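Examining the three-dimensional arrangement
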Amino acid sequence: MARDMADLSMLELFKMEAQSHSQSLNSGLVELEKDQSPDRVEPLMRAAHSLKGAARIVGLNDVVSLAHSMEDVLESCRKGERILTNADIDRLLAATDHFAAMADLEMDKLPDWLDENVPAMEAAARDLENSPDSKAQPPGTTEENTEGFTKPDVSPAEGSVPDNPEISLADLSMLDLFRMEAESHSLALNSGLLELEKDQSPDRVEPLMRAAHSMKGAARIVGLNDAVELAHAMEELLVSCQKGESILSSTQIDLLLAATDIYKDVSQLGTDQIQGFLSEKKPLMDRMEKALRGDEDAVKDVCDKVCPTGIPTAAVEVDTTADLQPEKPTVEDSSPVPGERAAEKMSAPLTASAPHDDAVVRVSAGNLNRLMALAGETLVESGRLSGFASSLLRLKAGQRDLMQNLEEGCERVMKGDSPSEVLDELKEALTECQTQLVKHINEFDLYCRRSDNVSGRLYHEVIASRMRPFSDGGVGFPRLVRDLSRSLGKEVDFVIEGETTSVDRDILDKLEAPLNHLIRNAVDHGIEMPDERAAVGKSRTGTIRVIAGHRAGMLFIEIRDDGKGIDPERIRAKVVEKNLAPARMAAEMSRAELMEFLFLPGFSTAGKVTEISGRGVGLDVVHAMVQEVGGTVRADSEPGFGMSFSMQLPLTLSVIRTLLVDISGQPYAIPLSRISRIASVFSSDLQLVEDRQYVSLDGLNVGLVPAAQVLGTSFDSVDSGPLKVVVISDRMNRYGLVVNDFLGEQDLVVRPLDHRLGKVPDVNSVALMPDGSPVLILDAEDLVRSIDNLLSGGRLGKVGVESSTLVQVQKILVVDDSLTVREVERKLLVNNGYDVDTAVDGQDGLNALLAGKYDLIITDVDMPRMNGLELTRKIKSDPDLKSIPVMMVSYKDRKEDKLRGLEAGADYYLTKSSFHDETLLSAVEDLIGGATA
């Protein structure tokens, strides 16, 4: 079956929609068996409708038919024309499974999957179209549909606890306590066993023996007998070591670590999953128990499965340079990689996860006591404000009396009284008022100082409650280095310096995956084999250091190894080979400039794939994480002496240091960590190359961009004074934002934007100024992307010219609940020179209209919250908006549908079934003309 699948980005969008809507359909259809009211059916029908539209856009006609059949069935239910039976729900769920399966596939596997599953999808569509209304079947029966799939009897939910007389799981609170103990003791055993390889003195063995003993007792309390026996075997081996009866070998340490991992895994499970996990692991646990007691066959068996004693086949030949982004390992070799348990998070993409409102944060008792004490002080200080209010009332009364005395004095002078006598009385009254005022000013000044002190202490205590020692994020690193180095036959010392350095818990969580990647690379490709090191005069044992500390109000982290490093000349050659820079330009690049290329996606100097490092994740992930939190990362290497990566990160994500700038008369904040430099330049310093303005700063040409045009604010002409420039950059581009003025530096408490606003272009968050006024914090990465879009469209204005000479770009708002359709229309219009914003439904579109100015609205008809007809009526009934032309683009192509759209006020009605690039562009030009006016 031939399909044009070249546009992978559109297919990715379709997959995202398939995932989202299949989840909605799955949960909604289950609820539909209990309640088939129209308001429950409506969102499911819309989901099927959106899937149909998205599939049509990317040309998956067989998928369109299936979604259309689902939509028809749900539509008839919504209208009350039929009541869905259990069999109908089963058919809809089976159809939904096809979309869920597509969402889970790799992009390159989707065509083959479609070829194999077209008959099944066609059968599912026919089944939905021809399904007769039938009586609901009793639970527990089976039904076979026309696809040949059988719906099994109802079975317990996955993860539920099966009946087992050996283990009583009635008391879940006791199991929670066991999980907490397993977590605590497994951490202690992990770190302690690694130290035990260097020193087996009784005082080091004692706490480990106690930890195993405590786990044994905790497991016995909740009746987990298999866990009891394994912990008992661990305890006996440690007791013999403590008494001096045996010296633990590396193999025995491996066995103890492998057994510890069982308890660590248990601590991360839900209470209802523990028994199933232990039942699954029972054969392995039995072999571990025998191995710990000295059974040689069991030792060999367990070590072959879980101990890092063999060198993986893919890593026998070690590449001579640092592997910066190896390809993914082949599917055939799916054996676990040594150290993978400690680094399993690296296999998942790094994303910024929003914190849940009900997330739990552990706070020490001392920290909580200090917070309560400061809250009490704040309450006392606020109570003093009532006294100041009374004082101000007394001052007001004194001022009123003084005014009355002044008026009476004037009358007395006019009647002949001595002016000097009257003035003396007035001076006396004024002096008393001034005395009272000075007294209250001093008291208020003292109150301000006390209040600032209390609020400052309270703030810093709250910040401290979010901080954790750096060592909390590196618990698994020593184990990871040990396992990897042993599997590769290398000798590596791992050192963490600055373990007590305080780090924001959110930053620490995000650091784990990047640090894991850098450490794995250092072990696998940085540190040489012992014989290689000895041959060049190095110690046979390599060293990897992770150093953390605070410098100049920032968190600094450095990962350094004393391995072979990477040759800058090899990077230079790779840059030219990948056409990232001309050969002449590459030849002039410094070592620091060459190192920046390491952070590009897909850039690698490695000539061989290994199973140890990377796992398909490159240094671009490290760079992305650091930039996500507003930091920077730098790489450096001296061939033959090692490699280092230095990260500079904010101490906390809740407060950032910013530069306040004036843009079109409004203040905006730009994080200082994202600013390369600021400068004042004169118009005479400007250069024009290929119709783009540049200025030379620090020997580099920096393109100038009017900040007002990027943000879409009023673009005023610039006076004859110096231009204020803020230089921002990403890895490959550097731009100078021209602002009206610099307003100074300011620490701001970051507040996220309301989620209902969605992603606001070029804006990261919001904060309050000291006077209580709001200020937007700009997103430097987004600004660079916006500038790139302006440049690619040739729509960038110039500084130092009148606004009347600037090119005005037609602005269009695309309103559609389908992500795929929105992106297709947006890309088409942007590529043809229009400025385009998008909205996810009618209500979102109306909000955008009220906040901005648009030359044209392109809207879908069927959308949640507010459909296209309602949106059009509101636009045409608003005196300020009715002049904006509205184009409807819908799958509904009947004559009556078109008439409904035109009656609502639409100026143009275009059907998606006849959708072509030229058709849409022609319609847009008919309504508003070309891209510029």
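Conventions we followed
- Residues numbered from 1 in each chain as written.
- Predicted model: local features only at pLDDT ≥ 70, side-chain atom pairs only at ≥ 80, totals over all residues.
- Heavy atoms only, no water.
- Pairing = 2+ DSSP bridges.
- Helix = DSSP H or I, 4+ residues; strand = E, 2+ residues; numbered from the N terminus.
- Axes fitted to C-alpha atoms, helices over the stretch in contact; angles between N-to-C directions.
- Contact = heavy atoms within 4.5 Å.
- Polar contact = N/O pair within 3.5 Å; in protein donor to acceptor, adjacent residues only side chain to side chain.
- Parallel < 35°, antiparallel > 145°, perpendicular 65-115°, else oblique.
- Left-handed = near helix turned anticlockwise from the far one by under 90°.
- Salt bridge = Lys/Arg side-chain N within 4 Å of Asp/Glu carboxyl O.
- Buried < 20%, exposed > 50% of the residue type's maximum accessible area, 1.4 Å probe, protein only.
- Arc of directions from axis to C-beta.
- Phe/Tyr/Trp six-rings, centres within 6.5 Å; stacked < 30°, edge-to-face > 60°.
- Lys NZ or Arg CZ within 6 Å of the ring centre and 35° of its normal.

**A short note on the sheet that holds strand β24 (residues 886-890)**
Reading across from one edge, β22-β21-β23-β24-β25 is the order of the five strands in this open sheet, with parallel pairing throughout. Every interior strand has two partners, whereas the edge strands, β22 (835-839) and β25 (908-911), have only one. Taking the axes of each pair of neighbouring strands and ignoring which way they run, one obtains an average angle of 20° across the sheet. Where helix α25 (residues 842-851) meets the sheet, its contacts fall on β21 (811-815), β22 and β23 (856-859), and the angle it forms with β21 comes to roughly 160°. Along the sheet face, helix α26 (residues 868-877) touches β21, β23 and β24 and points at about 175° away from the line of β24.

**A few points about the pairing of strand β20 (residues 774-778)**
As paired elements, strand β11 (residues 666-671) and β20 share two bridges and run parallel to each other. Within β20, the position partnered with Ala 669 by the bridge is Ile 777. Two strands pair when backbone bridges link them, and strand β19 (residues 763-768) and β20 are joined in this way by five bridges, in the antiparallel orientation. Paired with Val 766 across the bridge in β20 is Leu 776. Hairpin connection, β19 to β20: the antiparallel pair is bridged by five residues, and Gly 772 has positive phi, about 90°.

**Re the side chain of Asp 779**
Within the secondary structure, Asp 779 sits in the loop between β20 and α23 (780-792). A distance of 3.2 Å separates a polar atom in the side chain of Asp 779 from the backbone nitrogen of Asp 782.

**Considering the packing of helix α2 (residues 38-57) against helix α3 (residues 61-78)**
Taken N-terminus to C-terminus, the directions of α2 and α3 make an angle of 160°; their axes are 8 Å apart at the nearest point. Between α2 and α3, the angle falls in the class roughly antiparallel. Both α2 and α3 take part in a crossing whose hand is left-handed. Contacts between α2 and α3 pair Pro 38, Val 41, Glu 42, Leu 44, Met 45, Ala 48, His 49, Leu 51, Lys 52, Ala 55 and Arg 56 from the former with Val 63, Val 64, Ala 67, His 68, Met 70, Glu 71, Leu 74, Glu 75, Cys 77 and Arg 78 from the latter.

**Quick word on the pattern of salt bridges**
Taken as a whole and assessed by the stated rule, the structure comprises 39 salt bridges. In this structure, Arg 204 and Asp 199 form a salt bridge, with 3.0 Å as the shortest nitrogen-oxygen distance. The partner of Asp 509 in a salt bridge is Arg 468, with the nearest N and O atoms 3.3 Å apart. Taken together, the residues span a long stretch of sequence, with Asp 509 in helix α16 (residues 505-526) and Arg 468 in strand β3 (residues 467-469) at a distance of 41 residues. Overlapping salt bridges bring together Asp 254, Asp 261, Arg 479, Arg 482, Asp 483 and Arg 486 as one network.

**Focus on helix α27 (residues 895-904)**
Looking at α27, one finds that the buried residues are Asp 897, Gly 901 and Ala 904. Projected down its long axis, α27 shows its buried positions confined to an angular sector of 65°, all on one face. Summarising the geometry of α27, the exposed residues directed more than 90 degrees from the buried face are Lys 895 and Glu 903. Along its buried surface, α27 packs onto α26, β24 and β25. Just past α27, the residue Gly 905 takes up positive phi, approximately 120°.

**Re unusual backbone geometry**
Positive phi values are uncommon outside glycine, yet Ser 664 reaches one of about 55°. Structurally, Ser 664 can be placed in the loop between β10 (655-663) and β11. Even without glycine at this site, Arg 865 takes up a positive phi of about 65°. When you line up the elements, Arg 865 lands in the loop between β23 and α26.

**Overview of the sheet that holds strand β6 (residues 542-551)**
Strand order in the open sheet made by the five strands is β4-β6-β7-β9-β8, with mixed pairing throughout. Among the strands making up the open sheet, the edge pair consists of β4 (492-497) and β8 (632-638). When the angles between neighbouring strand axes are averaged without regard to direction, this sheet yields 10°. Note: β6 against strand β7 (residues 554-561), eight bridges, orientation antiparallel. The partner of Arg 545 across the bridge, within β7, is Arg 560. Contacts from helix α21 (residues 619-628) reach β8 and β9 (642-650), with the element oriented near 25° to β9.

**So, the packing of aromatic side chains**
Under the defined criterion, the tally for this structure stands at one aromatic pair. The interplanar angle of 80° and the centroid separation of 6.4 Å between the aromatic rings of Phe 599 and Phe 645 together place this pair among those described as edge-to-face. Within this pair, whereas Phe 599 is found in the loop between α20 (591-596) and α21, its partner Phe 645 is found in strand β9, the two being separated by 46 residues in sequence. Phe 645 matches Phe 599 in its accessibility class, with the two residues each being buried. When the ring centre of Phe 556 is taken as reference, the NZ or CZ atom of Arg 551 above it lies at 4.9 Å.

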